[in-house]
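Notes for the structure review
Read off the chains here:
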Amino acid sequence: MKTTTVNISDRELLERCSSGNNSGYSLLYQRYSKAVFNSIFRIVNDREDAEDLLQEVFLKAFSEIKSLKNTDSFGGWIKRIAINHSLTFLRKKKIYFAEIDDDKMLDINDDELEEKLALEFRIEELQNAIAELPLQIRTIVNLLLFEDMSQEEVAKSLNIPHGTVRSYYHRAKKKIFEKITQKSENERSA
């Protein structure tokens, strides 16, 4: 049965939904729920909240499915709903993003830092370091790195200035580098 569902396009599944065939909804959920959950979880960092939000996102998407203009972009459309819904959830929890001044940015070469991170450390260590960041910074990093959003898109989504996104991201890279370097040094000396 799995091989037949893999060959069904999103367009066909959406047509099933339009005609009242519930299998379209079910198969779309099976196809996208894991990726959508991962996007939500990286933002809210709580499994129970992420599971609740996942259900809300699919309910919203399925109730507004007729508004989807390009049937070939369902995956991107539902991920955008998930990201917006997750950010709204954070705002309701009174988590806000503050503007910071560019003059508080640190003097480290971005290219040098990115090279060191890419060359010296594994993804799991990177994800653990990201998980330890404060929520606002972690959210920005996750949107930039894992949701492949531009700094401008993140700024617009969070309703903060582009410079603030850039500053938070710069600080995050420095903190991640410090945590991973410290862990590496501790392992060498042990």
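Summarised in this report is the structure supplied together with it.

Cut-offs applied
- Residues numbered from 1 in each chain as written.
- Predicted model: local features only at pLDDT ≥ 70, side-chain atom pairs only at ≥ 80, totals over all residues.
- Heavy atoms only, no water.
- Helix = DSSP H or I, 4+ residues; strand = E, 2+ residues; numbered from the N terminus.
- Buried < 20%, exposed > 50% of the residue type's maximum accessible area, 1.4 Å probe, protein only.
- Contact = heavy atoms within 4.5 Å.
- Axes fitted to C-alpha atoms, helices over the stretch in contact; angles between N-to-C directions.
- Parallel < 35°, antiparallel > 145°, perpendicular 65-115°, else oblique.
- Left-handed = near helix turned anticlockwise from the far one by under 90°.

Counting through the fold element by element, N45 comes out in the loop between α3 (22-44) and α4 (47-63). Residue class for N45 comes out partly exposed when judged on its relative accessible area of 35%. With 90 residues separating them along the chain, N45 and L135 place their C-alpha atoms 8.4 Å apart. Setting aside residues no more than four positions away along its own chain, N45 makes contact with I40, A131 and R138.

Here we take up the packing of α3 against α4. At their nearest, the axes of α3 and α4 sit 9 Å apart, and the two run at 135° to each other. With respect to α4, the axis of α3 lies oblique. Along this stretch, α3 crosses α4, giving a crossing that reads as right-handed. The residues of α4 that touch α3, namely those facing Y25, L28, Y29, Y32, S33, V36, F37, I40, F41 and V44, are R47, D49, A50, E51, L53, L54, Q55, V57, F58 and F62.

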